[in-house]
Amino acid sequence: MDWSTAARTSYRGRTEPLSSSETVQQGDQVITTLDCFLPPSAVVTEYDRAEVDGVTYEVDGKPDVYTGHGPLKALAYQRLTLKQVTG
């Protein structure tokens, strides 16, 4: 994909560290994974990238949308996993 012409969209959300690991299989690499929680209306696919605090991550897998029912509908959210590989 040609990221030079990609459109940027901002969403308010929350991220939480999920894991960070180091591997030496293909040289020294560090793989960092975050859980990201966005509004259920956010338009995000498994082919997108996300920038969190100035660091670019790839969306890893399809986002999951959790919808509540009745009074819990206000707690609906979209969860996606972000991954960054360095090295």
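Caption draft 1: Inspection of the side chain of glutamine 29 at higher detail. One can find glutamine 29 in strand 2 (residues 29–38). Each residue touching glutamine 29, except ones within four places of it in the same chain, is listed here: Ser21, Glu22, Thr23, Val85, Thr86 and Gly87.

Caption draft 2: Summary view of the pattern of salt bridges. Taken as a whole and judged by the stated rule, the model has 4 salt bridges. A salt bridge links aspartate 64 to arginine 79, with the shortest nitrogen-to-oxygen separation between them at 3.6 Å. Of this pair, aspartate 64 sits in strand 5 (residues 64–66) while arginine 79 sits in strand 6 (residues 77–86); the two residues are 15 residues apart in sequence, bridging distant segments of the chain. Residues joined by salt bridges that share partners form a network here, namely Asp35, Asp64 and Arg79.

Caption draft 3: Looking closely at the packing of aromatic side chains. Throughout the structure, instances matching the rule amount to 2 aromatic pairs. Aromatic ring contacts, followed pair by pair, group Phe37, Tyr66 and Tyr77 into a single cluster. Between arginine 14 and the ring centre of phenylalanine 37, over which it is positioned, the NZ or CZ distance is 4.5 Å.

Caption draft 4: Spotlight on the environment of tyrosine 47. Along the chain, the position of tyrosine 47 falls in the loop between strand 2 and strand 3 (49–52). Taking relative accessible area as the criterion, tyrosine 47 reaches 59% and is therefore assigned exposed. Separated by 42 residues in sequence, tyrosine 47 and threonine 5 have C-alpha atoms that sit 15 Å apart.

Thresholds, definitions, all that
Residues numbered from 1 in each chain as written. Predicted model: local features only at pLDDT ≥ 70, side-chain atom pairs only at ≥ 80, totals over all residues. Heavy atoms only, no water. Helix = DSSP H or I, 4+ residues; strand = E, 2+ residues; numbered from the N terminus. Contact = heavy atoms within 4.5 Å. Salt bridge = Lys/Arg side-chain N within 4 Å of Asp/Glu carboxyl O. Phe/Tyr/Trp six-rings, centres within 6.5 Å; stacked < 30°, edge-to-face > 60°. Lys NZ or Arg CZ within 6 Å of the ring centre and 35° of its normal. Buried < 20%, exposed > 50% of the residue type's maximum accessible area, 1.4 Å probe, protein only.

Read these as geometric descriptors, not functional statements.
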